[in-house]
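So you can see what is in the structure, the chains are spelled out below.
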Amino acid sequence: RGVTEAVNLGDVFSGPLDAARTAKLLIGRDFVSIRGNHDRYLLEQARADMGPSDRVAFDQLGAAHLKWLASLSATQTVRDAVFLCHGTPHCDTTYWLERVNDDGTVRAASLSEVVAEAEGVDARLILCAHTHVPRVVRLPDGRVIVNPGSVGCPAYDDEAPVYHFMQTGTPNASYAVVEQQGEDWAVTFRSVPYDTEAACACAVKNDRPGWARALATGWFETF
């Protein structure tokens, strides 16, 4: 598709899938990469304190993989024009374009909430991740914030700030293509079918049936 440069916004290993092969692929591709919160947990937490999916990933990774992960920064600016972060510029566990209500429902963040998190970032294009939900938001000053979604985790649940779940409703892998057009950026979201059965089999093998269901359907809630 004529893409000349790829960037990776973090949380690349957490999950009951194939962390070692993912590491080999990403290190070999040498994409511009930053660290996500689950990547940080793999480095900072004792194995006994990790979540079950992080423990699976940790057990699959070697010392060289963890050394590469430790070399990644939390944020990065590419070509003096594109800012990369995982959650927000200041926190890798904060949702930027969404908010969680006290009852666990998820809503779109208000304009004032989004703008507040962008303070101090001068880049015209800002890329974030963390929620796994593809979105693009244009700020009043023309800056554009893009969340490309997740390649391999279309739905999940979390306990913080209260119990909630995020879900895209599709098992497809998601990414975004951005192209500069003058002072603006064109954004194209890509939703790509892939062999989810193989991924689900990995999750089941590693005793994570809920993850397998999310991979198969893109939904976390059940009916």
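Residues numbered from 1 in each chain as written. Predicted model: local features only at pLDDT ≥ 70, side-chain atom pairs only at ≥ 80, totals over all residues. Heavy atoms only, no water.

**Regarding the environment of Ala-118**
Step number 1: Of note, Ala-118 is situated in the loop between α5 (111-117) and β7 (125-127).
Step number 2: Taking the relative accessible area as the measure of exposure, Ala-118 reaches 0% and is therefore buried.
Step number 3: Taking the C-alpha atoms as reference points, Ala-118 and Ala-57, 61 residues apart in sequence, are found 32 Å from one another.
Step number 4: In this view, Ala-118 contacts Trp-96, Leu-139 and Arg-143; residues no more than four positions away in its chain are not counted. (Helix = DSSP H or I, 4+ residues; strand = E, 2+ residues; numbered from the N terminus. Buried < 20%, exposed > 50% of the residue type's maximum accessible area, 1.4 Å probe, protein only. Contact = heavy atoms within 4.5 Å.)

**Remarks on the nonpolar core**
Step number 1: Within the largest apolar cluster, 14 residues are counted, with the highest numbers of intra-cluster contacts made by Trp-96, Leu-97, Val-114 and Ile-145.
Step number 2: Discounting residues that sit within four places of it in the chain, Val-114 has contacts with Trp-96, Leu-97, Ala-109, Val-137, Leu-139 and Ile-145.
Step number 3: Ala-19, Ala-23, Met-50 and Leu-66 belong to the second-largest nonpolar core, a separate cluster that totals 13 residues. (Core = buried A, V, L, I, M, F, W, Y, C linked by side-chain atoms within 4.5 Å.)

**Notes on helix α1 (residues 19-29)**
Step number 1: For α1, the set of buried residues is Ala-19, Ala-23 and Leu-26. Buried residues of α1, seen end-on, are gathered within an arc of 75° and therefore sit on one face of the element. Exposed residues lying more than 90 degrees from the buried face of α1 are Arg-21, Lys-24, Gly-28 and Arg-29.
Step number 2: In the core, the buried residues of α1 are packed alongside β1 (7-8), α3 (52-60) and α4 (63-70).
Step number 3: The first or second residue beyond α1 is Asp-30, which carries a positive phi of 60°. (Arc of directions from axis to C-beta.)

**Points about the packing of helix α2 (residues 37-44) against α4**
Step number 1: Running from amino to carboxyl end, α2 crosses α4 at an angle of 125°, the nearest separation of the two axes being 10 Å. Between α2 and α4, the crossing angle belongs to the class labelled oblique. Crossing of α2 against α4: the hand is left-handed. Between α2 and α4, the contacting residues are Asp-39, Leu-42 and Leu-43 on the first element and Leu-66, Leu-69 and Ala-70 on the second.
Step number 2: Partitioning the contact of α2 with α4 into residue classes produces five nonpolar, no polar and one charged. (Axes fitted to C-alpha atoms, helices over the stretch in contact; angles between N-to-C directions. Parallel < 35°, antiparallel > 145°, perpendicular 65-115°, else oblique. Left-handed = near helix turned anticlockwise from the far one by under 90°. Nonpolar A, V, L, I, M, F, W, Y, C, P; charged D, E, K, R; others polar.)

**Let's talk about the environment of Glu-197**
Step number 1: With respect to the helices and strands, Glu-197 occurs in helix α6 (residues 196-205).
Step number 2: Here Glu-197 falls in the exposed class, since its relative accessible area comes to 66%.
Step number 3: Sequence separation between Glu-197 and Leu-9 is 188 residues, and the spatial gap between their C-alpha atoms is 25 Å.

**Structural notes on the packing of α2 against α3**
Step number 1: At a minimum axis separation of 10 Å, α2 and α3 run at an interaxial angle of 65°. Between α2 and α3 lies a crossing whose hand is right-handed. Contacts between α2 and α3 involve His-38, Tyr-41 and Leu-42 from the former and Asp-54, Ala-57 and Phe-58 from the latter.

**What to know about the packing of aromatic side chains**
Step number 1: Taken as a whole, this structure holds two aromatic pairs when the rule is applied.
Step number 2: Arg-213 extends its terminal NZ or CZ atom over the ring of Phe-220, reaching a point 5.5 Å from the ring centre. (Phe/Tyr/Trp six-rings, centres within 6.5 Å; stacked < 30°, edge-to-face > 60°. Lys NZ or Arg CZ within 6 Å of the ring centre and 35° of its normal.)

**Concerning the pairing of strand β9 (residues 144-147)**
Step number 1: Side-chain alternation along β9 places Val-144 and Val-146 on one buried face and Ile-145 and Asn-147 on a second face that is also buried.
Step number 2: For strand β8 (residues 135-138) and β9, the ladder comprises four bridges, and the chain directions are antiparallel. Across the sheet, residue Arg-138 finds its bridge partner in β9, namely Val-144.
Step number 3: Hairpin connection of β8 to β9: five residues between the antiparallel strands, including Gly-142 at a positive phi of 100°. (Pairing = 2+ DSSP bridges.)

Shape is all these values report; function is a separate question.
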